[in-house]
Each structure stands twice: as C-alpha cells, then as structure tokens.
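Remarks on the overall topology
Next come the chains, spelled out residue by residue.
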Amino acid sequence: VAPQPDEESAAFWAAVKEHRLELQRCNACGRVRFPPMPGCPYCGALGHDTTEATGSGTLYSWVVVHVPLTPSAAAEVPYTIGTITLEEGCRMVARIDGDPALRDGLALAATYVDHADWTEVRFAAEGR
Ligand SMILES: [Zn+2]
C-alpha cells in the first residue's frame, strides 16, 4: 500500500525515492528517531535536524506472513516482515527480502523497490 506522506514524513519519503534513508535527529538530546514526528519521544524537545542513515541494521524480530492481507498480495506469500534496529539506534518495520536464515542480530542492509509512484524500503541480508 502506497504511503500518504504528511508534513512530518514528506522529507523521509522524498529521500526514499532517491534511495536514501533520511532520519530526524533531536536538536536537544541528539537521539535519532523513526518514524518522523514533531517532537522527540526521548526528551520531549520540539524540532529536529536530519541525518542520513547508513541503511545498515540488525534484525530485532520478524514474522513470516502466510495469509495475504489483500488479494493482490496472494502471489507474494510467504514473505517476511521484520523489525530492524538501524545503526543509528532507532527501529523500522519493513519487508525482509531473500531467504536468509533469520536470527536475532542478523546483519541487514536497506534496499529500495521502485513502484509506479512511490519507493518502498526493504531490507536484505548484508552482502547479498
Ligand atoms: Zn531529544
């Protein structure tokens, strides 16, 4: 399902279209956060700078989807959705491509899938 960027997430999705991960970094405490939001979830400060993420991370948890949520996804099952801890410290939920031996801490790298009018962030085992 295509995202519907809002004021907070528009910059993230524009960067993703260029195959980059742009994250918010708190001006006050320096922590990096995701998803984009107006205030820091750690210290409450408003505002942020942006930082470009490396796209590297590790697998935190995952689920293998066997029942398609929509008829259009029927040809894609089974597929894996994972929570990835990015090198910058925040977590992101995304599809895990390929068929790696999934385990806690598996090294992953961001990949980008261009759809007709938006780009999707996925992850795959690093080095594949
Ligand atoms: Zn903060």
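Given the structure is predicted, the values throughout are model-derived calculations rather than measurements.

**A closer look at the coordination of the zinc ion**
- For the zinc ion, every protein donor is listed as Cys26 (SG), Cys29 (SG), Cys40 (SG) and Cys43 (SG), and the spread of their distances is 2.3 to 2.4 Å.
- In this structure, the zinc ion is coordinated by four donor atoms arranged in tetrahedral fashion, with angles at the metal of 103 to 118 degrees.
- Read in sequence order, the donor residues coordinating the zinc ion give the pattern C-x2-C-x10-C-x2-C. Of this pair, Cys29 sits in the loop between β1 (22–26) and β2 (32–33) while Cys40 sits in the loop between β2 and β3 (48–52), and the two are eleven residues apart along the sequence.

**So, the pairing of strand β6 (residues 91–96)**
- Where strand β5 (residues 79–86) meets β6, six bridges bridge the pair, whose relative direction is antiparallel. Within β6, the position partnered with Ile84 by the bridge is Met92.
- Where β5 hands over to β6, the hairpin turn is made up of four residues, of which Gly89 adopts a positive phi near 110 degrees.
- In the sheet, β6 pairs with strand β8 (residues 119–125) via two bridges, with the strands oriented parallel. Looking across to β8, one finds that Arg95 is bridged to Arg122.

**Some remarks on the sheet that holds β1**
- One open sheet accounts for three strands, arranged β2-β1-β3; its pairing is antiparallel. Edge positions in the sheet fall to β2 and β3, since each has one partner strand and no second.
- Strand direction decides the pairing type here: β1 and β2, joined by two bridges, are antiparallel. Of the residues in β2, the one forming a bridge with Gln24 is Arg33.

**Things to note about the sheet that holds β8**
- With respect to topology, five strands assemble into a closed barrel ordered β4-β5-β6-β8-β7, the strand pairing being mixed. Here the average twist between neighbouring strands, direction ignored, is 50 degrees.
- Bridge count for strand β4 (residues 56–65) against strand β7 (residues 107–114) is three bridges, and the pairing is antiparallel. Opposite Gly57, over in β7, you have Leu108 as the bridge partner.
- Docked against the sheet, helix α1 (residues 10–17) engages β6, β7 and β8, running at close to 65 degrees with respect to β8.

**Some thoughts on the environment of Pro38**
- Mapped onto the elements of the fold, Pro38 is located in the loop between β2 and β3.
- Given a relative accessible area of 49%, Pro38 falls into the partly exposed group.
- Leaving out residues up to four positions away in the same chain, Pro38 has contacts with Glu8, Arg33, Ala45, Leu46 and Gly47.

Definitions and limits used
Residues numbered from 1 in each chain as written. Predicted model: local features only at pLDDT ≥ 70, side-chain atom pairs only at ≥ 80, totals over all residues. Heavy atoms only, no water. Donors = N, O, S within 2.8 Å, 3.2 Å for Na, K, Ca; no water. Tetrahedral: all angles 85-135°; square planar, octahedral: opposite > 155°, others 65-115°. Helix = DSSP H or I, 4+ residues; strand = E, 2+ residues; numbered from the N terminus. Pairing = 2+ DSSP bridges. Axes fitted to C-alpha atoms, helices over the stretch in contact; angles between N-to-C directions. Contact = heavy atoms within 4.5 Å. Buried < 20%, exposed > 50% of the residue type's maximum accessible area, 1.4 Å probe, protein only.

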